[in-house]
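Chain residues, written in single-letter form:
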Amino acid sequence: MSTPRPGSHPVAMKTLLSKAKFLVGARRAVQFAEDEGMEVAIAGRSNAGKSSALNAITGQRGLARTSKTPGRTREINFFSLDSTRRVVDLPGYGYARAPEAIRREWGHTVERYLEGRRSLRGLVLVMDVRHPFTDFDERLIAWCDSLSLPLHILLTKSDKLGKNRQRASLLEARQHLAGYGDRVTVQLFSAPKRLGVEEVYACLASWLGAPA
Ligand code: GDP
């Protein structure tokens with residue numbers, strides 16, 4: 001388990017992400033975007049900071065707002081980057097205390113996606129650095145592992161911690177994930193400070209291939 005090596009095309013990745021355009025919102029598998037080319041998905045507990053991370057990474061405020069439009073919060077939202085690459089915003093999952101029915105609903109919507117998606121190259125999981133590894137996060141991590149799906153974790157809202165706490169949290173997370181090996185990587189992130197965006201670009205570039 002390690003931080004991804006900086007890719008050779010982070011700037012190109014940034015440009016590519018800035019081109020993200022809403023493609024389709026799906027509640028059922030038949031509504032998914034065509035399963036061809038390559039895509040990465042982003043997931044996280046509600047309020048963890050997923051939308052802010054997506055905005056920071058794409059440099060587009062309106063993007064995650066699309067996913068937060070009433071009626072779209074339960075959808076899987078597909079955004080195209082170019083003709084062969086996509087970013088997919090998975091619906092935020094409930095708080096740890098959310099009723100089991102809601103958790104089941106999230107699972108059902110996303111299960112079909114994660115288990116059957118051939119173009120999916122990796123999942124970005126957003127966790128609040130101050131409250132990481134909820135039961136649900138743990139289940140998702142184990143699930144990705146069982147699917148051999150690469151996972152990159154953002155410990156977001158890092159700006160809320162001092163440098164020492166940031167370092168300690170990253171270390172603890174790495175130790176916690178040590179059993180998963182190289183398929184799971186983790187980094188610090190902050191949307192308002194744009195801390196760690198280059199690291200995200202490097203990871204996405206390695207998953208999606210270098211943009212032309
Ligand atoms: P989502 O429900 O996971 O999409 O979470 P949002 O992106 O809407 O963020 C939830 C709250 O956390 C909002 O009030 C954001 O402004 C705040 N937030 C998100 N990311 C950060 C961050 O990196 N730093 C700080 N300080 N606040 C953040």
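Everything numeric in this text was worked out from a predicted model, so none of it was measured.

What counts and what doesn't
Residues numbered from 1 in each chain as written. Predicted model: local features only at pLDDT ≥ 70, side-chain atom pairs only at ≥ 80, totals over all residues. Heavy atoms only, no water. Helix = DSSP H or I, 4+ residues; strand = E, 2+ residues; numbered from the N terminus. Polar contact = N/O pair within 3.5 Å; in protein donor to acceptor, adjacent residues only side chain to side chain. Near = heavy atom within 4 Å. Areas by Shrake-Rupley, 256 points an atom, 1.4 Å probe, with all protein chains shown as cover. Nonpolar A, V, L, I, M, F, W, Y, C, P; charged D, E, K, R; others polar. Expected span 1.5 Å × (residues − 1). Buried < 20%, exposed > 50% of the residue type's maximum accessible area, 1.4 Å probe, protein only. Arc of directions from axis to C-beta. Pairing = 2+ DSSP bridges. Axes fitted to C-alpha atoms, helices over the stretch in contact; angles between N-to-C directions. Contact = heavy atoms within 4.5 Å. Core = buried A, V, L, I, M, F, W, Y, C linked by side-chain atoms within 4.5 Å. Salt bridge = Lys/Arg side-chain N within 4 Å of Asp/Glu carboxyl O.

A. Structural context of the side chain of K157. Here K157 is to be found in the loop between β6 (151–156) and α6 (163–177). A polar contact of 2.9 Å, which involves the side chain of K157, links it to the backbone oxygen of N47.

B. Structural context of the site of the ligand. Inspection of the region around the ligand gives 16 residues, with N47, S51, S52, K68 and D159 positioned closest. Measuring from an oxygen atom of the ligand, one finds a backbone N or O atom of G49 at 2.9 Å. Here an oxygen atom of the ligand sits 2.6 Å away from a polar atom, N or O, in the side chain of S52. A total of 580 Å² of accessible area belongs to the ligand in isolation, and the protein chains cover 72% of it. Per-element tally for the shell around the ligand: the top contributor is helix α2 (residues 50–58), with three residues. Taken together, the residues of the shell around the ligand sort by class into three nonpolar, seven polar and six charged.

C. Region of the structure containing α6. Between the first and last C-alpha of α6 there are 21 Å, a value that for 15 residues agrees with the 21 Å anticipated at 1.5 Å per step. Among all positions in α6, only Q166, S169, L170, A173 and L177 are buried. Relative to the axis of α6, the buried residues are bounded by an arc of 100 degrees and lie together on one face. Residues of α6 that are exposed and point more than 90 degrees away from the buried face comprise N164, R167, L171 and Q175.

D. Structural view of the sheet that holds strand β7 (residues 184–188). As summarised here, the arrangement of the seven strands in space is β1-β3-β4-β2-β5-β6-β7, forming an open sheet in which the pairing is mixed. A single partner strand is all that each edge strand has here, and the edge strands are β1 (21–26) and β7. The average undirected angle you get between the axes of adjacent strands in this sheet is 20 degrees. Bridge count for strand β2 (residues 38–44) against strand β5 (residues 120–128) is six bridges, and the pairing is parallel. In the sheet register, V40 faces β5, and the bridge partner there is G122. Against the sheet, α2 contacts β2, β4 (85–89), β5 and β6, and its axis sits at roughly 140 degrees relative to β2.

E. Geometry of the nonpolar core. If you look at the biggest cluster of nonpolar residues, it comprises 36 residues, and the most contacted ones within it are L90, Y113, L114, L123, L140, I153 and L155. The greatest single-element share of this core, amounting to five residues, is contributed by helix α5 (residues 135–146). If we skip the residues at most four places from it in the chain, L123 touches A41, I42, A43, L90, L140, C144, L149, P150, L151, H152 and W207.

F. Spatial organisation of the pattern of salt bridges. Scanning all chains against the criterion turns up nine salt bridges. Measuring nitrogen to oxygen at the nearest pair gives 3.4 Å for the salt bridge that ties E75 to R27. Within this pair, whereas E75 is found in the loop between α3 (61–68) and β3 (76–80), its partner R27 is found in the loop between β1 and β2, the two being separated by 48 residues in sequence. The class of E75 is buried, set by a relative accessible area of 9%.

G. The arrangement of the pairing of β2 in detail. Most of β2 is tucked away: seven of the seven residues are buried. Burial along β2 is two-sided: the residues M38, V40, I42 and G44 and E39, A41 and A43 are all buried. Of the pairings in the sheet, the one linking β2 to β4 comprises five bridges and is parallel in character. Paired with E39 across the two strands is R86, which belongs to β4.

H. Representation of the environment of E115 within the structure. Along the chain, the position of E115 falls in helix α4 (residues 100–116). Assessed through its relative accessible area of 47%, E115 is described here as partly exposed. Beyond its immediate chain neighbours, meaning those up to four positions away, E115 contacts W143 and L147.

I. Quick peek at α2. By the criterion of burial, α2 is predominantly enclosed, with seven of the nine residues buried. Among all positions of α2, only K50, S51, A53, L54, A56, I57 and T58 are buried. Of the residues flanking the end of α2, it is G59, one or two places downstream, whose phi is positive at about 70 degrees.

Taken by themselves, the reported measurements are silent on function.
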